[in-house]
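The primary structure of each chain is shown beneath.
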Amino acid sequence: MPSLIKSIALKNFKGFSEEVRIDLSPITLLFGANSAGKSTILQALQYVREILERNNPNPDRTLQAMLPT
């Protein structure tokens, strides 16, 4: 069984300049005002996946970045 990510810490990532730590559970809900950083947390998790699964640390060349909008 793969190990689960138990928390994520963001610092100097998009709108998070100071370090923010978010504890994750099997079910984690993200809610808050517009522009509070909910999407940024999801993008950070996608970026971690890109690094671990594709060995790609370039944020401009991720699968998500290359999808048409």
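Structure: see above.
Residues numbered from 1 in each chain as written. Predicted model: local features only at pLDDT ≥ 70, side-chain atom pairs only at ≥ 80, totals over all residues. Heavy atoms only, no water.

Enquirer: Which parts of the structure should I look at to understand the pairing of strand β1 (residues 7–10)?
Expert: Where a strand is regular, its side chains alternate between the two sheet faces. Here β1 shows a buried face lined by I8 and L10 and an unburied face lined by S7 and A9. Taken together, the four bridges between β1 and strand β2 (residues 20–23) define a ladder with antiparallel strand orientation. By the bridge assignment, S7 is partnered in β2 with D23. (Buried < 20%, exposed > 50% of the residue type's maximum accessible area, 1.4 Å probe, protein only. Helix = DSSP H or I, 4+ residues; strand = E, 2+ residues; numbered from the N terminus. Pairing = 2+ DSSP bridges.)

Enquirer: Is there a simple way to think about the side chain of N56 in this case?
Expert: Inspection of the secondary structure assignment puts N56 in the loop between α1 (38–54) and α2 (63–66). On the accessibility criterion, N56 (13% relative accessible area) is buried. A polar contact of 3.1 Å, which involves the side chain of N56, links it to the backbone nitrogen of N58. Sequence-distant contacts of N56, that is, excluding residues within four places in its chain, are made with Y47, E50, I51, R61 and T62. (Polar contact = N/O pair within 3.5 Å; in protein donor to acceptor, adjacent residues only side chain to side chain. Contact = heavy atoms within 4.5 Å.)

Enquirer: What exactly am I supposed to notice about the side chain of E50 here?
Expert: With respect to the secondary-structure elements, E50 resides in helix α1. In this structure E50 comes out as buried when scored by relative accessible area, which is 7%. Setting aside residues up to four positions removed in sequence, E50 forms contacts with N55, N56, R61, T62 and L63.

Enquirer: What should I look at first to understand the pattern of salt bridges in this one?
Expert: Working definition: two side chains of opposite charge can pair if their charged atoms are close together. In the structure shown here, the tally under the stated rule is three salt bridges. R49 is the partner of E53 in a salt bridge, and the nearest nitrogen-oxygen pair spans 3.0 Å. Here E53 pairs with R49, and both are found in helix α1, just four residues apart, close to one helical turn. This pair shows no difference in class: E53 is exposed, exactly as R49 is. In this structure, R54 and E50 form a salt bridge, with 2.3 Å as the shortest nitrogen-oxygen distance. (Salt bridge = Lys/Arg side-chain N within 4 Å of Asp/Glu carboxyl O.)

Enquirer: Sorry if this is basic, but what is going on with α1 here?
Expert: For an α-helix, 3.6 residues make a turn, and residues three or four places apart therefore share a direction. The end-to-end C-alpha distance of α1 is 24 Å, a good match for the 24 Å that 17 residues give at a rise of 1.5 Å each. Taken residue by residue, α1 has T40, I41, A44 and E50 as its buried positions. (Expected span 1.5 Å × (residues − 1).)

All we've got here are geometric facts, nothing functional implied.
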